[in-house]
Protein chains: 4
Amino acid sequence: MTNTQVTLVQVDNYGPWTVTPEPRREVDLQTLQSRLYADLSQLFGNREGYVFFTRFDNMIAVTNGLDREAHALIQESVANRYPVTVSLGVATDPSPAAALGDATNQLQAAGSAQDEDRTQILGGGFLAGADRTDADVQIAHFDVIDATGKYTDKLNAFDSFIRIEQGYAELMRHMRRAHDSLSFFVGGDNVIAVCPELTPAAYRDAIDHVAGEVDVDLQVGVGRARTAQDAGMRAKHALEECRHEGTAVEFGDGSHY
Amino acid sequence: MTNTQVTLVQVDNYGPWTVTPEPRREVDLQTLQSRLYADLSQLFGNREGYVFFTRFDNMIAVTNGLDREAHALIQESVANRYPVTVSLGVATDPSPAAALGDATNQLQAAGSAQDEDRTQILGGGFLAGADRTDADVQIAHFDVIDATGKYTDKLNAFDSFIRIEQGYAELMRHMRRAHDSLSFFVGGDNVIAVCPELTPAAYRDAIDHVAGEVDVDLQVGVGRARTAQDAGMRAKHALEECRHEGTAVEFGDGSHY
Amino acid sequence: MTNTQVTLVQVDNYGPWTVTPEPRREVDLQTLQSRLYADLSQLFGNREGYVFFTRFDNMIAVTNGLDREAHALIQESVANRYPVTVSLGVATDPSPAAALGDATNQLQAAGSAQDEDRTQILGGGFLAGADRTDADVQIAHFDVIDATGKYTDKLNAFDSFIRIEQGYAELMRHMRRAHDSLSFFVGGDNVIAVCPELTPAAYRDAIDHVAGEVDVDLQVGVGRARTAQDAGMRAKHALEECRHEGTAVEFGDGSHY
Amino acid sequence: MTNTQVTLVQVDNYGPWTVTPEPRREVDLQTLQSRLYADLSQLFGNREGYVFFTRFDNMIAVTNGLDREAHALIQESVANRYPVTVSLGVATDPSPAAALGDATNQLQAAGSAQDEDRTQILGGGFLAGADRTDADVQIAHFDVIDATGKYTDKLNAFDSFIRIEQGYAELMRHMRRAHDSLSFFVGGDNVIAVCPELTPAAYRDAIDHVAGEVDVDLQVGVGRARTAQDAGMRAKHALEECRHEGTAVEFGDGSHY
């Protein structure tokens, strides 16, 4: 069984800040949001975590390996360098979606995302070192088969984008509903999903579902390890196997389907 | 009539670079992609343009006001500071989608996105100063009515994300198909669309469509100006009017619906 | 005659901010300072200016080509993305040192650098377009002859640093006292000086002075143009000539000494 | 006795890269250098280290707490995100200067700083966990007494800079020669020195020396701990004591002089 520690990163009172005293320049908001995400990617990534930009004012991270002290350091570092602060809710569960639900509750219980008095919350359940195993995190890395040939080199760039967006939207809903998984678009034609313990058949099924619903053909590499970094790297290598072998589903342990 | 100058920014040979000699750490790719986008936001934004992250390896910008020399400077600056380079295709048309189609052709004609010999292309049609008017760019800034109350403070963070993602996916497809517009999620619950000359009824219609299809309620502020920065800021202020007046569609000139 | 527009960038109330409510982590202050400088380098550089990190809470820029509106945009962009704000004092004079003196007065007259009520000052004298010429800015780019062979590959890294630091300290004092010039260490073994109209003999003299006082051997390339970017690039190319020809002083127009 | 682990960070073949195929825009080099330093500040700082920008192409870090694996991760992260790579030489010694000398040898033995075939060296002596104590690192944080009142609010900004630069240059040479210490200007009017076990009298002496030679009045806070981060934060707090008590030398343990 997996045991995923999930952290919800929520920028405090961001909506109001963006329009006070009046609306701020969009290009500056985009710069701020992207750089905050990039910094969090390094801060969590330096300790083997993964973080996904999600909505930018709400970001989701897989943080097996980061304890309360590490989270506090990240929160402090952001407060020292940005004009905004972040609240962090943490929870652990075999189901990533359930863990995220608990993490979200941590913040909601403390106050609204747009409550100027609710800032820099840090709370929840951290996976104790003694309870950690090499099977805690399962990461699946999907990409579109030959996106460059089928879309990027052929269609208007926005139409390529629509096709990939539809594939992502269908996959994210299916993986959430059927498998309690959290899926994130990470650029190009790539989607990374954080899953509970799923079988190859479940992935085969997800791929067939997306192909059937929106006619987008995916392949996937899956990895399992102690941390998101490790599981994610195994998933990447497994995806390379899909590319070389022409298979649709490859697990980091060499099995394929 | 609008006259939108659109630039397609495509990272050269990115897919292969990310896995050569072997797959690179995901947290570093995320950092690289986000910071490249943030820098482009400043480089285009400093001259009144807007750029949207889109797929990160392919980004779309509205560049009325940036000539060939400005584009060359941006391209050179990226080459001086990143381990990758970018190609830029530019085109102008009253229809944003058509402009993007022509811009995409510029790059496709020169070679594949994954051709290691096709790098730093710069070509296309720049809107001459003498032809520019104060009505060249129409920007629409949508957001979800009370997203914080309905979703962020209530649901599991991924379910909030799914609702907003669905609203965006439905809006982007509709605006593209019915109105030749290019719509981009920009964080939080916000979507910015680059449109041709559309009437308030067209926006009313888009909002009704999204509400009907996926049950997500939007409001929109619309601005028109010489540059994306100006049009976008007018749209933001108009959106504030929606918030205060409780209207669904506000134009920067004070009319509402 | 040169006509240098100089801008003093001063972070508002920075000292107190770094220790309120208590001392902030040094690594975060270093990150903040360096990134603010990097962003200013792009903001000024995008419009052909140069900026030098100097003391990080006080930075000096050569801003021929940037008017009041451009300065206001830079100030606004910083306020949107950083937890601190900046004040900008501007002045123009054939003497760079005199221009900086006037620019400094702009800020000092408005209040102390550590006055929490003095923020985001923007004032001074901007060089009017009609008054600009191709000879407004003279930039000199010095480096140490064979620093790698003499120091970097031979000495303890701190001792290499001390040698270069001494060379810089001697040069900066001499150029200020004798020639009203502002000299800045820019990394490696490089120093860039902003000068009034100086003759080759003046540069020869400065080089001899430094060699005599601290036994550090310099060479220099000099450029003259309408903007810092242009003058600076000509100076860089002239410095390459020194390297190839073995000369000590090269001017961008081909003359050498 | 202290036991300082020092890392020399050297950008590989940087000089040639900056002028190939021809000189690169200075504002881009400044941006690149500053951001690389900022990233290293976070990468080392995330694990309780300190890094100083020094010459930007050669940077010095105090890395007690970072093992070989941590150094390799930092090196890999830079290679994934920058157009340059770094070599890392590491050594440990009670004397910071001696440790840096050994660290420098690591790189010099492998090849020149401007040898295109010498890249990404990683070697040296890492302080074993079992050998670490709470007294390994001594950090001294100096600043100029009332720099704002005496210089910043009174003098031309470059003349303030010259005064502070002279104070730094004198202090750095004295601390190196007399005490084997490495001193770094860190912005504003602050200098941080990495020292062996020094007595209050040694600091009193250094302050008197600088006042006598160049008429710049310093105060200093000193901290001792297991890591640079801890020792440095104690030093900062001790410096606050100097400010409040009017003393010249304060140790983190409460003693003053």
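Residues numbered from 1 in each chain as written. Chains lettered and ligands numbered in written order. Predicted model: local features only at pLDDT ≥ 70, side-chain atom pairs only at ≥ 80, totals over all residues. Heavy atoms only, no water.

## Description of the interface of chain A and chain B
Think of interface size as the accessible area that goes away when the parts come together; that is how it is often given. Opposite the 76 residues of chain A that make contact, chain B presents 76 residues. Taken as a group, E26(A), R55(A) and F158(A) account for 12% of the area that chain A buries against chain B, more than any other trio of residues on that side. For the pair chain A and chain B, the number of links is six salt bridges. In this structure, the salt-bridge partner of R35(B) is D39(A), at a minimum N-O distance of 3.0 Å. Scanning the region where chain A abuts chain B turns up 44 residue pairs in polar contact (both at pLDDT 80 or more). A total of 15 residues in the side of chain A that touches chain B trace back to one element, the largest contributor, which is helix α2 (residues 26–45) of chain A. (Contact = heavy atoms within 4.5 Å. Buried area = accessible area lost by both parts, 1.4 Å probe. Salt bridge = Lys/Arg side-chain N within 4 Å of Asp/Glu carboxyl O. Polar contact = N/O pair within 3.5 Å; in protein donor to acceptor, adjacent residues only side chain to side chain. Helix = DSSP H or I, 4+ residues; strand = E, 2+ residues; numbered from the N terminus.)

## Some points on the domain arrangement of chain A
Residue and element names in this part refer to chain A. Segmenting chain A into domains produces domain 1 (4–131) and domain 2 (137–251). With 15 residues of domain 1 in contact, the opposing surface of domain 2 contributes 20 residues. In total, about 1,400 Å² of surface goes out of reach between domain 1 and domain 2, with carbon and sulfur atoms giving 74% of it. Area buried by domain 1 at its contact with domain 2 is led by E48, Y50 and F52, which between them contribute 40% of it. In this assembly, domain 1 and domain 2 are joined by zero salt bridges. Inspection of the region where domain 1 meets domain 2 yields four residue pairs in polar contact (both at pLDDT 80 or more). Put simply, the parts of the chain that give the side of domain 1 that touches domain 2 at least two residues each are β2 (50–52), β3 (58–62) and α4 (96–110). For the side of domain 1 that touches domain 2, the element with the most residues is α4, which contributes three residues. When its residues are assigned to classes, the side of domain 1 that touches domain 2 shows nine nonpolar, five polar and one charged. (Domains from an automatic or database assignment. Nonpolar A, V, L, I, M, F, W, Y, C, P; charged D, E, K, R; others polar.)

## So, the environment of D189(B)
Here D189(B) is to be found in the loop between β7 (182–187) and β8 (190–195). Classification of D189(B) as buried rests on a relative accessible area of 16%. For the pair D189(B) and R132(B), spaced 57 residues apart in sequence, the C-alpha to C-alpha distance is 32 Å. Excluding residues within four positions of it along the chain, D189(B) makes contact with R55(A), F142(B), D143(B), V144(B), A147(B) and I164(B). Within the structure, the side chain of D189(B) is placed 3.2 Å from the backbone nitrogen of V144(B), a separation counted as a polar contact. (Buried < 20%, exposed > 50% of the residue type's maximum accessible area, 1.4 Å probe, protein only.)

## Describing the sheet that holds β3(A)
Residue and element names in this part refer to chain A. Across the sheet, five strands lie side by side as β2-β3-β1-β4-β5; this open sheet has mixed pairing. Both edges of this open sheet fall to β2 and β5 (122–124), since each of them pairs with a single strand only. Across this sheet, the average inter-strand angle for adjacent strands is 20°, counted without regard to direction. In this structure, strand β1 (residues 4–11) lies alongside strand β4 (residues 86–93), joined through eight bridges in antiparallel fashion. Bridging from a neighbouring strand, V6 pairs with A91 of β4. Sheet strands in contact with α2 are β1, β2 and β3, and its direction is about 160° off that of β2. (Pairing = 2+ DSSP bridges. Axes fitted to C-alpha atoms, helices over the stretch in contact; angles between N-to-C directions.)

## Concerning helix α3 (residues 68–81) of chain B
If you check α3(B), its first and last C-alpha atoms are 20 Å apart, about what 14 residues at 1.5 Å a residue would give, namely 20 Å. One side-chain oxygen at the N-terminal end of α3(B) lies 3.3 Å from the backbone nitrogen of E69(B); it belongs to D67(B). (Expected span 1.5 Å × (residues − 1).)

## So, the pairing of strand β7 (residues 182–187) of chain D
Side-chain positions along a regular strand alternate between the two faces of the sheet. Residues and elements named next belong to chain D. Taking burial as the measure, the six residues of β7 include six buried ones, the bulk of the element. Note that β7 and strand β8 (residues 190–195) share five bridges and pair antiparallel. Considered in β8, the bridge of F185 is made with V191. With antiparallel pairing between neighbouring strands as the criterion, β7 and β8 make up a hairpin whose turn holds two residues, including G188 at a positive phi of roughly 65°.

## Description of the pattern of salt bridges
All names here are of chain D. This structure, assessed with the given rule, holds 68 salt bridges over all chains. Between D215 and R163 there is a salt bridge whose closest N-O contact spans 3.9 Å. Here the residue D215 occupies a position in the loop between α7 (200–214) and β9 (218–225), and R163 occupies one in helix α6 (residues 157–179), the gap between them amounting to 52 residues. The residue E240 makes a salt bridge to R243 at a minimum N-O spacing of 3.0 Å. Of the two residues, E240 and R243 are both situated in helix α8 (residues 228–245); the distance of three residues between them amounts to about one turn of the helix. Classification of E240 by relative accessible area gives buried; the value is 12%. A residue is classified by how much of its surface remains accessible, and R243, at 42% relative accessible area, is partly exposed.

## With respect to the sheet that holds strand β9 (residues 218–225) of chain C
Backbone hydrogen bonds hold the strands of a sheet together, and the pairing may be parallel or antiparallel. Residue and element names in this part refer to chain C. As summarised here, the arrangement of the five strands in space is β7-β8-β6-β9-β10, forming an open sheet in which the pairing is mixed. If you trace the sheet from one side to the other, it starts and ends with β7 (182–187) and β10 (249–251), each paired once. Each strand of the sheet is rotated relative to its neighbour by a mean of 20°, with strand direction disregarded. One ladder, built from three bridges, connects β9 with β10; its direction is parallel. Paired with G221 across the bridge in β10 is E250.

## Comments concerning the interface of chain C and chain D
At the junction of the two partners, chain C supplies 76 residues and chain D supplies 76 residues. If you sort the residues of chain C by the area they bury against chain D, E26(C), R55(C) and F158(C) come out on top, with a joint share of 12%. For the interface between chain C and chain D, the tally reads six salt bridges. Note that K236(C) is salt-bridged to E26(D), the shortest N-O span being 2.7 Å. At the boundary of chain C and chain D, one finds 44 residue pairs in polar contact (both at pLDDT 80 or more). Residue assignment for the side of chain C that touches chain D shows that the elements contributing at least two residues are β1 (4–11), α2 (26–45), β3 (58–62), α4 (96–110), α5 (147–152), α6 (157–179), β7 and α8 (228–245) of chain C. The element best represented in the side of chain C that touches chain D is α2(C), accounting for 15 residues.

## Overview of the relation of the copies chain A and chain B
Superposing chain A onto chain B requires a rotation of 180° together with a translation of 0.0 Å along the rotation axis, leaving an RMSD of 0.0 Å. The transformation relating the two chain copies, once decomposed into turn and shift, fits a two-fold axis. Among all residues of chain A, the minimum C-alpha distance to the rotation axis is found for S34(A), at 2.6 Å. Comparing contact sets, 100% of the residues at the interface of chain A also lie at the interface in chain B, consistent with an isologous, same-surface contact. (Least-squares fit on C-alpha atoms with pLDDT ≥ 70 in both.)

## What to know about the packing of α2(A) against helix α3 (residues 68–81) of chain C
As a packed pair, α2(A) and α3(C) sit with axes 9 Å apart at the nearest point and diverge in direction by 40°. On the basis of the axis angle, α2(A) is oblique to α3(C). Between α2(A) and α3(C) lies a crossing whose hand is right-handed. Taking contact as the criterion, the partners of D28(A), T31(A), L32(A) and R35(A) in α2(A) are, on α3(C), E76(C), S77(C), N80(C) and R81(C). For the contact of α2(A) with α3(C), a count of residues per class yields one nonpolar, three polar and four charged. (Parallel < 35°, antiparallel > 145°, perpendicular 65-115°, else oblique. Left-handed = near helix turned anticlockwise from the far one by under 90°.)

## Describing the packing of aromatic side chains
Considering all chains together, one arrives at 50 aromatic pairs over all chains under this definition. Look at Y14(A) and W17(A): their rings are 6.0 Å apart centre to centre, the planes differ by 20°, and that puts the pair in the stacked class. With Y14(A) and W17(A) both in helix α1 (residues 14–18) and three residues apart, the pair spans about one turn of that helix. Taken individually, Y14(A) and W17(A) each receive the classification buried, so the pair is uniform in this respect. With centroids separated by 5.6 Å and ring planes inclined at 80°, the aromatic side chains of Y37(D) and F53(D) adopt a geometry described as edge-to-face. (Phe/Tyr/Trp six-rings, centres within 6.5 Å; stacked < 30°, edge-to-face > 60°.)

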